Amino acid sequence: MSKKIVPLTKDKLEEIAGQYPTPFHLYDEKAIRENAREFYRAFSWVDGFINHFAVKACPNPAILKILQEEGMGVDCSSLPELLLSEKVGFSGEEIMFTSNDTPPEEFEEASRLGAIINLDDLKHLETVLKNGGMPEMISFRYNPGDLRSGNVLIGDPREAKYGVPRDQIIEAYRLAKDQGAQRFGLHTMVASNELEDEYFVETARMLFELAVQIKRKTGIKVEMINMGGGIGIPYHPDQQAVDLNYVSGEMKKLYEKYIAGEGLDPVKIVFECGRMVTGPYGYLVSRVRHVTRKYKDYVGLDACMADLMRPAIYGAYHHVYVPGKEDISKNKVYDLTGSLCENNDKFAIDRTLPLLEPGDLVVIHDTGAHGYAMGFNYNGKLRSAEVLLKEGGTTSLIRRAETVDDYFATLRFTNAPIDV
Ligand SMILES: *Cc1c(COP(=O)(O)O)cnc(C)c1O
């Protein structure tokens, strides 16, 4: 079980919603910092432990800055993410660049920043050589194929477009070394939103065993092992968060057996989690616009799937809270919708909630990662604002809502050609 508690009273939420029109995503700085500290405490046995926060999960400079202050690095997968990270002040090996089907100029930019380049494919070695040159340190993303079953979200590794397959991975290190790389990392990402503790222990075992194989077959000692991201969060109150202390303890045993035992010590263990870092500490705050009965009871919000598309694309559960109606018995069953012209624009289907009326605030939990970030403009929907609830209880607008002018910014309404 996990408790779903919004860190604000109804009055405070109304006050904030008076200041910033709904819908907006609200992030809880204090909780983000406390969670980051717990994560680092769990892995304090690792020398130089770092989580490269996956920028794609919450690409806002204010959030990245908070995470930087808590000792995190970043994981980028595109040029804009690299530039965003640079602007926030990340540099060198605080930045991990994990991409696929990569445009050559992105390797060049990653090289310029001194980022750790994590290659998705053998053929990228040549692209890197031609675009910025072979960096001193190179890492490979490993795809274990049928050695792992993957999980529901990421699927069977054999069907995944990512990573260097088992029969090429040793060759990849050999080639990189021949071409001038001097330091090496190893990476995988085989799960997404995974809640099973054992899954991460097994990932560690798999990578440690592979590090031993790489050493035996090529003489290369990897100095960094990146466990990837994918640590899940309990979206549903019946779910349980991953026990990081347990996972860390088991990883330590495996480290001693494989890494220390085989003379590979020291290897820096790192992660690149996004979801578990900010996910539970973000809330989509919206208001009921419309309540109606058709064949079912519908509640239309002023937010839509452009603000949070996980329920629409994965059927994902997001907990819903109605401030001020805690004591009213939940005896209504609603579909909670947005206004987009797609019938999957629903935040919840057949959800038992208190009686809702137009004007009620509705808070959707766990939108701090892959929430705002996955937004889009389909159907002319403008993207929402982001608000930071600061440690002292005050708020600040860390991204304004889009305007129609933003939406029109890439268009021309005359016959004049667009300059490219
Ligand atoms: C998306 C992604 C992550 C972050 O995943 P979370 O589920 O947010 O932890 C990390 N690494 C890579 C390569 C990714 O694609």
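Structural data are supplied above this passage.
Residues numbered from 1 in each chain as written. Predicted model: local features only at pLDDT ≥ 70, side-chain atom pairs only at ≥ 80, totals over all residues. Heavy atoms only, no water.

Chemist: What is the right way to look at the overall build of the protein chain in this model?
Modeler: When helices and strands are tallied, the protein chain shows twelve helices and 18 strands. Computed over its C-alpha atoms, the radius of gyration of the protein chain comes to 23 Å, within 12% of the 22 Å expected for a compact globule of 420 residues. By its C-alpha atoms, the protein chain is 70 × 60 × 45 Å across when sized along the principal axes. With 420 residues in all, the protein chain has 55% of them scored as buried. Expressed as a percentage of contacts within the protein chain between residues at least 6 apart in sequence, the contacts between residues at least 24 apart total 68%. As presented, the protein chain carries roughly 18700 Å² of accessible surface, and 49% of it is formed by carbon and sulfur atoms. (Helix = DSSP H or I, 4+ residues; strand = E, 2+ residues; numbered from the N terminus. Rg over C-alpha atoms; globule rule 2.2 N^0.38 Å. Buried < 20%, exposed > 50% of the residue type's maximum accessible area, 1.4 Å probe, protein only. Contact = heavy atoms within 4.5 Å. Areas by Shrake-Rupley, 256 points an atom, 1.4 Å probe, with all protein chains shown as cover.)

Chemist: I'm lost on the nonpolar core in this one. Help?
Modeler: Note on soluble globular proteins: their nonpolar side chains tend to be buried together. One finds Phe-39, Phe-140, Leu-186, Phe-208 and Ile-225 to be the most contacted residues of the largest nonpolar core, which totals 95 residues. Residue contributions to this core peak at eleven residues, all from helix α8 (residues 197-218). Dropping the residues within four chain positions of it, Ile-225 is found in contact with Leu-186, Leu-207, Phe-208, Ala-211, Ile-259, Val-267, Lys-268, Ile-269 and Val-270. (Core = buried A, V, L, I, M, F, W, Y, C linked by side-chain atoms within 4.5 Å.)

Chemist: When you look at the side chain of Asp-28 in this model, what are you seeing that I'm missing?
Modeler: Of note, Asp-28 is situated in strand β1 (residues 24-28). Lacking a salt bridge, the buried Asp-28 has Lys-30 as its closest oppositely charged neighbour, with an N-O distance of 6.8 Å. Here Lys-30 takes part through its backbone nitrogen, which lies 3.3 Å from a polar atom of the side chain of Asp-28. (Lys, Arg positive; Asp, Glu negative; His and termini not counted. Salt bridge = Lys/Arg side-chain N within 4 Å of Asp/Glu carboxyl O. Polar contact = N/O pair within 3.5 Å; in protein donor to acceptor, adjacent residues only side chain to side chain.)

Chemist: So what exactly am I meant to see when it comes to the environment of Thr-395 here?
Modeler: Within the secondary structure layout, Thr-395 lies in strand β18 (residues 395-399). Residue class for Thr-395 comes out buried when judged on its relative accessible area of 16%. When the C-alpha atoms of Thr-395 and Lys-381 are compared, they prove to be 25 Å apart, with 14 residues separating the residues in sequence. Apart from the residues lying within four places of it in its own chain, the contact partners of Thr-395 are Ile-16, Gln-19, Tyr-20, Val-387, Leu-388 and Leu-389. At a separation of 3.0 Å, a polar atom in the side chain of Thr-395 contacts the side chain of Tyr-20.

Chemist: Can you help me understand a nonpolar patch on the surface in this one?
Modeler: Taken together, Leu-382, Val-404, Tyr-407, Phe-408, Leu-411 and Phe-413 make up a surface patch of nonpolar side chains, about 540 Å² in accessible area. Position of Val-404 among the secondary structure elements: in helix α12 (residues 404-408). For Val-404, a relative accessible area of 43% puts it in the partly exposed group. (Patch = residues over 30% accessible without salt bridge, like charges linked within 9 Å, V, L, I, M, F, W, Y side chains within 5 Å.)

Chemist: Any chance you could explain the pairing of strand β16 (residues 361-364) here in plain terms?
Modeler: Neither face of β16 is exposed, since Leu-361 and Val-363 on one face and Val-362 and Ile-364 on the opposite face are all buried. Judged from the four bridges that link them, strand β11 (residues 282-293) and β16 form a sheet pairing that is antiparallel. Of the residues in β16, the one forming a bridge with Leu-284 is Ile-364. Sheet topology note: the strand β13 (residues 320-321)/β16 ladder contains two bridges and is antiparallel. The residue of β16 that forms the bridge with Val-320 is Ile-364. (Pairing = 2+ DSSP bridges.)

Chemist: Could you clarify how one ought to interpret the site of the ligand in this entry?
Modeler: In the vicinity of the ligand there are 13 residues, among which Lys-56, Gly-230, Glu-272, Arg-275 and His-370 approach most closely. The separation between a nitrogen atom of the ligand and a polar side-chain atom of Asp-75 is 3.5 Å. In the model, an oxygen atom of the ligand is placed 2.7 Å from a nitrogen or oxygen of the His-370 side chain. Within the shell around the ligand, the residues separate by chemical class into three nonpolar, five polar and five charged. (Near = heavy atom within 4 Å. Nonpolar A, V, L, I, M, F, W, Y, C, P; charged D, E, K, R; others polar.)

Chemist: What is the right way to read unusual backbone geometry from this model?
Modeler: Across the chain, the bulk of peptide bonds are trans and the bulk of non-glycine residues have phi less than zero. Put simply, Thr-22 and Pro-23 share a cis peptide bond, and its omega is 0°. Assignment of secondary structure puts Pro-23 in the loop between α1 (10-19) and β1. Going from Asp-265 to Pro-266, the amide bond is cis rather than trans, its omega being -5°. Relative to the helices and strands, Pro-266 resides in the loop between α9 (244-260) and β10 (268-271).

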